[in-house]
Amino acid sequence: MGYKVVKFGGSSLADANQFRKVSNIIKSDDKRRFVVPSAPGKRFSDDIKVTDMLYKCCELAGSGVDFTDDFQMIKDRYNGIISELGIDMSLEDEFNAIVKELKARPSRDFAASRGEYLNGKVLAKFLGFNFVDAADVIIFDTKGTLLLDETVKAVREKVKGLENAVIPGFYGRTTEGYIKTFSRGGSDVTGSIIANAVRAEIYENWTDVSGFLVADPRIVDKPDVISVITYRELRELAYMGASVLHEDAIFPVRSAGIPINIRNTNAPQDDGTMIVSNDYDFSQESMAHTITGIAGKKGFSTINIEKAMMNNETGFGMKVLKVLADNGLSFEHMPSGIDTMSITLNTEKFTPVRDKVLAELRKAVNPDHIEVEDGIAILAVVGRRMKNTRGTVARIFASMAHARINVKLIDQGSSELNVIIGVSEHDLPEAIRRIYDMFINSEK
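Every value quoted in this text rests on a predicted model; they were computed, and no experiment measured them.

Digging into helix α4 (residues 92-104)
Alright, step 1. For α4, with 13 residues, the first-to-last C-alpha span of 18 Å sits near the 18 Å given by 1.5 Å per residue.
Alright, step 2. When we look at burial in α4, the residues that qualify are E94, F95, I98, V99 and L102. Within α4, the buried residues cover an arc of 135° as seen down the axis, which keeps them to one side. Turned more than 90 degrees away from the buried face of α4 sit D93, K100, K103 and A104, all of them exposed.
Alright, step 3. Buried residues along α4 sit in contact with α2 (50-62), α3 (68-85) and α5 (108-127).

So, in structure tokens, the structure goes:
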């Protein structure tokens, strides 16, 4: 029988009621044998995540300040969940061990990891599952880089013979034996690694949204959920900041050909979003739109360079890029004409070296004219179907023209997977709304 690895985010395990939802989801499918929990998240908007409470205790311990009252709030949170669920267990030994370690060696990684560790203990007891400490199976080198092959081997050895297991997310240990965490949201990565190790048929990532949305719900009112998205499309959209998944979580399952299913703990009846390999059979898709998603982000500047006969000057582009490289800058996009070149950069990184870069560019390529335009936003329209659909780019620009939005940049790769356009930052929300109307609302 194939297994499903199921990861639950912090909002999915914020209180006893959420624990019950999670239990019902797991027990409704016998394939859900391996569970990866996060630490308890916020129960309401002004609440504090357990991880943040642990960070505070660590900071106080590091300053030699008594953190008894702050740690009591963490104890109360877990004891409240245990009490409400009616579980016969005590975490007092674990609490004492955490306090002792924080006083002796206040490590932020150790402190942060304990939220998942404790939640894993509680969830395992509530489900009647085996508990496997992530520190025993998720292995980092001394520099904090995940050792994937060693980790997969360790997981397989540890779960051999186990019918089920709860393995906390977010942390592991270094080869020297110290606790090490992933970056925030790293429980996604743990789930992906476990899915690879147990050769799961699917990796279900349960959160508080019903999948990946076509557009940002803060900009578009009630946008559609993307039913199926490829890893390549997800990468394009995630780069623009549109993601419900830690981007490092993609590789371990992608390399193993395991699909990811983004699901909603509070609406388990929803299908969510399936993230699949590029060779997935899409013939069964119904009512698919031309585009898969739209995402954009602000904070870019464009250097516009003009020089007559630029196209005949050998190494012109190389000289420009060398100036950027010498100043530690990478470019986002670089569309060019016969006598013009535009380089789009991250404004925050560009600003400290702006004058130096412009001076060096003038010296390196002797332009007829050079200027910088700030306040640029980049928008990506992504979709695997665009390649075989005529008039996609024309429709994008028609939607911009109707809204009187000036397009400052256009860039399309040979894969035709995405179209990149640059607009003024103040035009970004309206641009996203207009493209959504053109491709989603009009195709319904």
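There is more to say after this.
Describing the packing of aromatic side chains
Alright, step 1. Applying the stated criterion across every chain, the model contains 6 aromatic pairs.
Alright, step 2. With a centroid separation of 6.5 Å and an interplanar angle of 75°, the aromatic rings of F67 and F71 are classed as edge-to-face. The two residues F67 and F71 agree in class, both being buried.
Alright, step 3. Site record: aromatic cluster; members linked through ring pairs are F67, F71 and F95.
Alright, step 4. The ring of Y171 has R114 sitting right over it, with the charged end atom 5.2 Å from the ring centre.
Alright, step 5. Over the aromatic face of Y239 sits the side chain of K297, whose NZ or CZ is 4.3 Å from the ring centroid.

Focus on unusual backbone geometry
For residues besides glycine, phi is generally negative; the peptide bonds are generally trans as well.
Alright, step 1. Although it is not a glycine, R199 adopts a positive phi angle of roughly 55°.
Alright, step 2. For R199, the position within the fold is in the loop between α7 (187-197) and β7 (202-207).
Alright, step 3. Although it is not a glycine, R404 adopts a positive phi angle of roughly 55°.
Alright, step 4. With respect to the helices, strands and loops of the structure, R404 is situated in the loop between α13 (392-402) and β14 (409-412).

Quick word on the pairing of strand β2 (residues 32-37)
Alright, step 1. Most of β2 is tucked away: 6 of the 6 residues are buried.
Alright, step 2. As paired elements, strand β1 (residues 4-8) and β2 share 5 bridges and run parallel to each other. Of the residues in β2, the one forming a bridge with K7 is V36.
Alright, step 3. Following the backbone out of β1, through helix α1 (residues 16-27) and into the adjacent parallel β2, one traces a crossover that is right-handed.
Alright, step 4. By the bridge criterion, 2 bridges tie β2 to strand β4 (residues 165-166) in an arrangement that is parallel. Paired with V35 across the two strands is V166, which belongs to β4.

A closer look at the packing of α1 against α5
Alright, step 1. Interaxial distance between α1 and α5 falls to 11 Å at its minimum, and their mutual angle equals 55°. What the angle tells us is that α1 and α5 run oblique. In this structure, α1 crosses over α5, and the sense of that crossing is right-handed. When α1 is examined against α5, the residues F19, R20, V22, S23, I26 and K27 are found in contact with a partner set consisting of N119, V122, L123, F126 and L127.

What to know about the pattern of salt bridges
Alright, step 1. The final tally for this structure, using the stated rule, is 26 salt bridges.
Alright, step 2. Here R105 ties to E101 by a salt bridge, and the two come within 3.6 Å at their closest N and O atoms.
Alright, step 3. On the basis of relative accessible area, E101 is assigned to the partly exposed category, the value being 27%.
Alright, step 4. With a shortest N-O distance of 3.0 Å, E313 and K307 are connected by a salt bridge.

Details of the sheet that holds strand β5 (residues 171-174)
Alright, step 1. The strand order across the open sheet built from 3 strands is β3-β5-β6, with neighbouring strands paired in mixed fashion. The two strands at the open ends of the sheet, each matched to only one other strand, are β3 (139-140) and β6 (179-181).
Alright, step 2. Relative to β6, β5 runs antiparallel, the two sharing 3 bridges. Looking at the pairing, Y171 lines up with T181 of β6.

Focus: the sheet that holds β1
Alright, step 1. Reading across the sheet, the 7 strands line up as β4-β2-β1-β7-β9-β10-β8 and stay open at both edges, with mixed pairing between neighbours. At either end of the open sheet lies a strand with only one pairing partner, and these are β4 and β8 (228-230).
Alright, step 2. Bridge count for strand β9 (residues 260-264) against strand β10 (residues 273-276) is 3 bridges, and the pairing is antiparallel. For N261, the partnering residue across the bridge sits in β10 and is M274.

Thresholds, definitions, all that
Residues numbered from 1 in each chain as written. Predicted model: local features only at pLDDT ≥ 70, side-chain atom pairs only at ≥ 80, totals over all residues. Heavy atoms only, no water. Helix = DSSP H or I, 4+ residues; strand = E, 2+ residues; numbered from the N terminus. Expected span 1.5 Å × (residues − 1). Buried < 20%, exposed > 50% of the residue type's maximum accessible area, 1.4 Å probe, protein only. Arc of directions from axis to C-beta. Contact = heavy atoms within 4.5 Å. Phe/Tyr/Trp six-rings, centres within 6.5 Å; stacked < 30°, edge-to-face > 60°. Lys NZ or Arg CZ within 6 Å of the ring centre and 35° of its normal. Pairing = 2+ DSSP bridges. Right-handed = clockwise from strand over helix to strand, strands pointing away. Axes fitted to C-alpha atoms, helices over the stretch in contact; angles between N-to-C directions. Parallel < 35°, antiparallel > 145°, perpendicular 65-115°, else oblique. Left-handed = near helix turned anticlockwise from the far one by under 90°. Salt bridge = Lys/Arg side-chain N within 4 Å of Asp/Glu carboxyl O.

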